[in-house]
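The residues making up each chain are set out below.
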Amino acid sequence: MKRALWLLLGLVVVAVLALRLFSSDSGQAAETLPTVTVTRGDIVDKALAVGTIEPRVEISVKSQVAGVVRRLFVDAGDYVEAGTPLLEIQPNPTPQELIDAERRIELRQLEVDNLRREFERQQQLFERQLISEQEYERARRAYEEARLQLQAAREQLALLREGRVQTESGRFETVVRAPISGYVLEKMIEVGDPVVPLTSYQEGTVLMTMADMNDLVFRGTVDEIDVGRLQEGMTAQIKIGALPQAQVTGRLSKIWLKAKKEENATVFPVEIEIVEAVMRDPRDPEAPPRPLVLRAGYSANAEIIIEKRENVLLIPERVVTYSGDTARVTAVLPDGTTEERIIQTGLSDALHVEVVSGLEEGMKVQEKPLPQIQ
């Protein structure tokens, strides 16, 4: 009986010692948790867009005449004014096309000769007042139409043979000219390459692409989660991967109404107009920035600023515990004790959160304890 009593007392002592040891370890762990300081700073809520730098308008230069490229007057990267010759096309008709054009002229000539004789006969009858003025005008109109058709057939043959023709309204040639003032971005053809003309039933061969490089935009996509918070006119900071020192500022100018799928994600296309692009010298931060030359095709990310607040109280988002609409933190008091406080939060950028009330600048807030591994 006594032996059992002593064994029971021993177990009680061991349990009490273990409980005290556990409590001491827990208190020590709570006391050694790191803290962060409530500071003041700026916080920005922004949406990320991924895309490229592109010209606002890029034009594909095509020809309305079939043939082969005879001469090239410009190369990729050249700046040209509107109307400047870009290339010349040599018509390359088949023998059958030439024969048909020559026979068409012969047929039109026969028709003109017959109608001329008919018109002269009708003119004599009209002068003798043997036919009406309406019949006379009908004969004259038929003769004039036949003459015009003959002239058109001759001009078509000259265009097939020489690639140029002179008409009453001006000189026409198979020289393709620049439709706008700008840079030649890309050249798709070389001398001797065949050219398919642009018609109502075929797209035609793209000869070159041109654009005004002084009018560039950022085109990219924004996740559907953020698009509902965007508005046209918002400021954006564009970061170009190939130019880490570049500072490019833009303005959100267009948000598409229809989404599209990209890698199983729903995104909305956006367009950002570039307002300013400068480059700073990393070796001399005090030096004034110099203008930046942007090129079409640069990969870039745009941070669209949704809301920005300056000189507000900030704490890391990770130290806040949320329960429904209530936010709590563990504040460290001046005497070293801790106190759980309910705070009111404001703007968040996913790393830091604004503190509207509940804390003061310079206060210490305890980090959350690491989860215990069972």
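Our structure is the block above this text.
A few points on the structure. (Residues numbered from 1 in each chain as written. Predicted model: local features only at pLDDT ≥ 70, side-chain atom pairs only at ≥ 80, totals over all residues. Heavy atoms only, no water.)

Two modes of strand pairing occur in sheets, parallel and antiparallel, and in both the strands are linked by backbone hydrogen bonds. One open sheet holds the four strands; their spatial order is β3-β12-β10-β5, and the pairing between them is antiparallel. Looking at strand neighbours, the two that pair on one side only are β3 (58-61) and β5 (79-80), the edges of this open sheet. Both β5 and strand β10 (residues 182-187) contribute to a ladder of two bridges, which runs antiparallel. Looking at β10, one finds that Y79 is bridged to Y183. (Pairing = 2+ DSSP bridges. Helix = DSSP H or I, 4+ residues; strand = E, 2+ residues; numbered from the N terminus.)

The four strands lie next to each other as β9-β6-β4-β11, forming an open sheet whose pairing is antiparallel. Both edges of this open sheet fall to β9 (175-177) and β11 (194-195), since each of them pairs with a single strand only. In this structure, strand β6 (residues 85-90) lies alongside β9, joined through three bridges in antiparallel fashion. Note on β9: the bridge partner recorded for P85 is R177.

Once that is clear, we can look at unusual backbone geometry. One non-glycine residue, N264, lies in the positive phi region at around 65 degrees. With respect to the helices and strands, N264 occurs in the loop between β16 (260-262) and β17 (265-279). Of note in this structure, A350 is not a glycine but carries a positive phi near 80 degrees. With respect to the helices and strands, A350 occurs in the loop between β22 (338-348) and β23 (352-357).

Quick look at the pairing of strand β19 (residues 299-316) now. Examined bridge by bridge, strand β2 (residues 39-55) and β19 share 13 bridges and lie antiparallel to one another. Each bridged residue has a counterpart across the sheet, and for D45 the counterpart in β19 is E307. Summarising the sheet, strand β14 (residues 235-240) and β19 pair through five bridges and their orientation is antiparallel. Bridge pairing in β19 places K239 opposite N301. Both β19 and β23 contribute to a ladder of three bridges, which runs antiparallel. Opposite I315, over in β23, you have V353 as the bridge partner.

This structure, assessed with the given rule, holds one aromatic pair. Plain terms: the ring middles of Y79 and Y183 are 5.1 Å apart, the flat faces sit at 65 degrees to each other, and that makes the pair edge-to-face. Pair noted here: Y79 is in strand β5 and Y183 is in strand β10, with a separation of 104 residues, a long-range link. (Phe/Tyr/Trp six-rings, centres within 6.5 Å; stacked < 30°, edge-to-face > 60°.)

Attention now goes to the environment of I305. Within the secondary structure, I305 is located in strand β19. C-alpha of I305 to C-alpha of A47: the two residues are 258 residues apart in sequence and 6.7 Å apart in space. Setting aside its immediate chain neighbours within four residues, I305 contacts V44, D45, K46, M234, T235 and Q237. (Contact = heavy atoms within 4.5 Å.)

On to the pattern of salt bridges, then. Tallied over the full model, the rule gives 26 salt bridges. Between K46 and E303 there is a salt bridge, with its nearest N and O atoms 3.3 Å apart. Linking K46 in strand β2 with E303 in strand β19, this pair joins segments that are 257 residues apart in sequence. By relative accessible area, K46 is classed as partly exposed at 41%. Accessibility expressed as a relative area gives 19% for E303, which makes it buried. For R56, the salt bridge is made with D215, and the minimal N-O distance between the two is 3.0 Å. Here R56, found in the loop between β2 and β3, pairs with D215, found in the loop between β12 (208-211) and β13 (216-223); they are 159 residues apart in sequence, far enough to count as distant. Taking relative accessible area as the criterion, D215 reaches 30% and is therefore assigned partly exposed. Within this structure, E54, R56, D215, R219, R251, E271 and E273 form a network of salt bridges that share partners. (Salt bridge = Lys/Arg side-chain N within 4 Å of Asp/Glu carboxyl O. Buried < 20%, exposed > 50% of the residue type's maximum accessible area, 1.4 Å probe, protein only.)

For the rest of this paragraph, the subject is the nonpolar core. Formed by 31 residues in total, the largest nonpolar core has its most connected members in I53, L230, I238, I240, L294 and I304. Put simply, the parts of the chain that give this core at least two residues each are β2, β13, β14, β15 (243-255), β17 and β19. Apart from the residues lying within four places of it in its own chain, the contact partners of I53 are L216, V217, F218, I238, I240, I274, R295, A296, G297, Y298 and A300. (Core = buried A, V, L, I, M, F, W, Y, C linked by side-chain atoms within 4.5 Å.)

Another aspect to go through is the pairing of β22. Examined bridge by bridge, strand β21 (residues 326-332) and β22 share six bridges and lie antiparallel to one another. Bridge pairing links A331 to E339 in β22. Between β21 and β22, which pair antiparallel one after the other, the connecting turn spans five residues, and G336 there sits at a positive phi close to 95 degrees. Direction of pairing for β22 relative to β23: antiparallel, over a ladder of three bridges. Residue pairing for β23: S348 is matched across the bridge by V353. The antiparallel pairing of β22 with β23 creates a hairpin that spans three residues between the two strands, and A350 there sits at a positive phi of about 80 degrees.

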